[in-house]
Every structure is written in C-alpha cells, then in structure tokens.
Amino acid sequence: MSFDVGGRLKEIRLAAGLSQRELAARSGVTHSLISLIEQNRNSPSVASLRKILDGIPMTMVNFFDEARAPRDKVFFEAPDLLDLTSRLHQVNGGESRGQMSFRQVGDAQAHNLQILHESYDPGADTGIAMLKHDSHEGGVVLAGELEVTVGDQIRVLKPGDAYLFDSRIPHRYRNIGTERCIVVSACTPPYL
C-alpha cells in the first residue's frame, strides 16, 4: 500500500492554517523543499521530515496516522510493531537509496520511552541533515554494520556493538555495509 507523503503533509499544513513559507520558517527548511515534498517530487529523509513536523508540531506516529496500542498491553508480536518510516522512499539526487524501517513497540508517549526495531538496507541513510532532538538514545547492533555519527565522532558499529548519547548532539545513521543492518534502540522521551 502506497502512502502519499506529499498529500498528507499538505493536508496537515493546511489544517494548521500555515502557508508553505510559514511552515518552512518554523521548521528551518526552504519553502521550495516543502513545495517539492507536497508535489511528491522529493521524498524527505527521516531527518528532514522530522524537522518539518517539529514546525507543526506533530510526531511521525501522528503523521502516519496509526492507531496506538492499548496502554495496558505488555507483549507484542512482530506484526504488532508500529511501522513509522518504511513508507518513506529514500531518494538522493534522483537515485534510490536503501530503504529503512523503524518499527515501534507499543505506545511510546504513554510510557515516555520509545523502543524501536530498526532495519537499514545497504545505502540507507537518515539524511545529510543531522538529527537533533531533546532526548537521550541508545541502541545495540544485532546484524550488519552501521556508521553512527555523533557530533564530530564517527564509528562503524558491528553486531554486539552499542551506542548511547545525548540526542541534542547532531547525529546520523548510515548503513555503509553490503548487508541489511538490524538495530534495537531506545529513546526517552520519545522522538519519532
């Protein structure tokens, strides 16, 4: 099933009573980027979409309009995980990049903790625009390799390696390997 990222962005922008220029100014991106996304001529990176949604403000869960898990649910089977990002087709300069998937365990807002099962195909990248948000996050690589950039530190992590940092420091994730990378991560308070 295809998700119309551009149509959804335009819908929520108009519902918020914002022009493209107003949303761009609030988000710290160009109005031309907003226009291209709304026309589905540009597919935003995770970092760009998150930055734009901060200008509304809206979480990615709400952007993708998914139902939340019941607060009292304790156990989750694989199909119960909430797909947050695999519907973003990653494009860089007209060429497809590897797909990525962030699947959330339960209702992150209710527990003030976001646990993600992350999957990065070779070439997947959260985007040149570094992520930055008011949280703390950590994760463990289960398979493949993941290049993690935090501020001016860059490290390629392999299975069993982990990271933990203050998310206010600009950061980025890229699969520079030849195999799919799988990570389990946590973030508090929830970011996506």
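See the structure shown above.
The numbering scheme is per chain: residues are counted from 1 as the chain's sequence reads. Residues qualify for local features only when their pLDDT is at least 70, as the model is predicted, and side-chain atom pairs are given and counted only at 80 or more; totals for whole chains, interfaces and linings, by contrast, use all residues. As a convention, hydrogens and water are excluded, and side-chain values are obtained from all of the structure's heavy atoms.

Draft legend 1. Representation of unusual backbone geometry. A cis amide bond links Ile 56 with the next residue in sequence, Pro 57, at an omega value of -15°. The omega torsion of the bond from Thr 188 to Pro 189 falls at -10°, within 30 degrees of zero and hence cis. A helix here means a DSSP run of H or I that spans at least four residues, while a strand means a run of E at least two residues long, and both kinds are numbered starting from the N terminus. Here Pro 189 lies in the segment after strand E11 (181–188). If you check the backbone angles, Asn 40 has positive phi at about 60° while not being a glycine.

Draft legend 2. Structural context of helix H1 (residues 5–15). A simple rule labels every residue: compare its accessible area, found with a 1.4 Å probe on the protein chains alone, to the largest value its type can have, and call it buried under 20%, exposed over 50%, or partly exposed in between. Inspection of H1 places Val 5, Gly 6, Arg 8, Leu 9, Ile 12 and Arg 13 among the buried residues, and these make up the whole buried set. Buried positions in H1, seen along its axis, are confined to an arc of 165° and lie on one side of it. Positive backbone phi, approximately 75°, marks Gly 17, located one or two places after H1. What the arc covers is the set of directions going from the helix axis to the C-beta atoms.

Draft legend 3. The arrangement of the pattern of salt bridges in detail. Any Lys or Arg side-chain nitrogen located within 4 Å of an Asp or Glu carboxyl oxygen qualifies as a salt bridge. Taken as a whole and judged by the stated rule, the model has 10 salt bridges. Across the salt bridge formed by Asp 80 and Lys 73, the nearest N and O atoms sit 3.1 Å from each other. Here Asp 80 falls in the partly exposed class, since its relative accessible area comes to 35%. For Arg 168, the salt bridge identified is with Asp 134, shortest N-O distance 4.0 Å. Of this pair, Arg 168 sits in the loop between strand E9 (162–166) and strand E10 (171–174) while Asp 134 sits in the loop between strand E5 (114–120) and strand E6 (136–143), and the two are 34 residues apart along the sequence. The exposure class assigned to Asp 134 is exposed, which follows from its relative accessible area of 57%. Several salt bridges converge on common partners, so that one network encompasses Asp 134, Asp 166 and Arg 168.

Draft legend 4. Local environment of the layout of surface pockets. Here the term cavity refers to a set of points on a 1 Å grid, laid over the protein atoms alone, in which a 1.4 Å probe fits but cannot get out; the term pocket refers to an open set having protein on both sides within 12 Å along at least five of seven lines, with lining residues being those that place an atom within 4 Å of a point. Grid points are joined across faces, edges and corners, and a volume is the space filled by probe spheres set on the points. Approximately 230 Å³ is the volume attributed to the second largest pocket. Lining the second largest pocket are Val 148, Thr 149, Val 150, Gln 153, Ile 154, Arg 155, Leu 157, Ala 162, Tyr 163, Leu 164 and Phe 165. Elements represented by at least two residues in the lining of the second largest pocket include exactly strand E7 (146–150), strand E8 (153–157) and E9. Ten residue types, Ala, Val, Leu, Ile, Met, Phe, Trp, Tyr, Cys and Pro, are classed as nonpolar, four, Asp, Glu, Lys and Arg, as charged, and the remainder, Gly among them, as polar. Partitioning the lining of the second largest pocket into residue classes produces eight nonpolar, two polar and one charged.

Draft legend 5. Layout of the side chain of Arg 8. Note on placement: Arg 8 falls in helix H1. Polar contact is defined as a pair of N or O atoms within 3.5 Å, subject to the rule that within protein one atom must be able to donate a hydrogen and the other to accept it, and that residues adjacent in sequence are counted only when both atoms are side-chain atoms. There is a polar contact of 2.7 Å between the side chain of Arg 8 and the backbone oxygen of Phe 63.

Draft legend 6. Spotlight on the sheet that holds E9. Ordered by their spatial adjacency, six strands build an open sheet running E1-E4-E5-E11-E6-E9, and the pairing between neighbours is antiparallel. Single-partner strands in this sheet number two, and they are strand E1 (82–83) and E9. The pairing criterion is simple: DSSP has to find at least two bridges between the two strands. As judged from the two bridges shared by E1 and strand E4 (residues 100–104), these two strands associate in the antiparallel manner. Within the sheet, the bridge partner assigned to Asp 83 lies in E4 and is Arg 103.

Draft legend 7. Region of the structure containing a nonpolar patch on the surface. What goes into a patch is any residue over 30% in relative accessible area without a salt bridge, connected to like charges within 9 Å or, for nonpolar side chains (Val, Leu, Ile, Met, Phe, Trp, Tyr), within 5 Å. Each accessible area is a Shrake-Rupley result for a 1.4 Å probe, and residues are judged covered by the shown protein chains and nothing else. A grouping of Leu 113, Ile 115, Val 140, Leu 142 and Val 184 is seen on the molecular surface, where their side chains present a nonpolar patch of about 350 Å² in accessible area. By the element assignment, Leu 113 lies in the loop between helix H6 (108–111) and E5.

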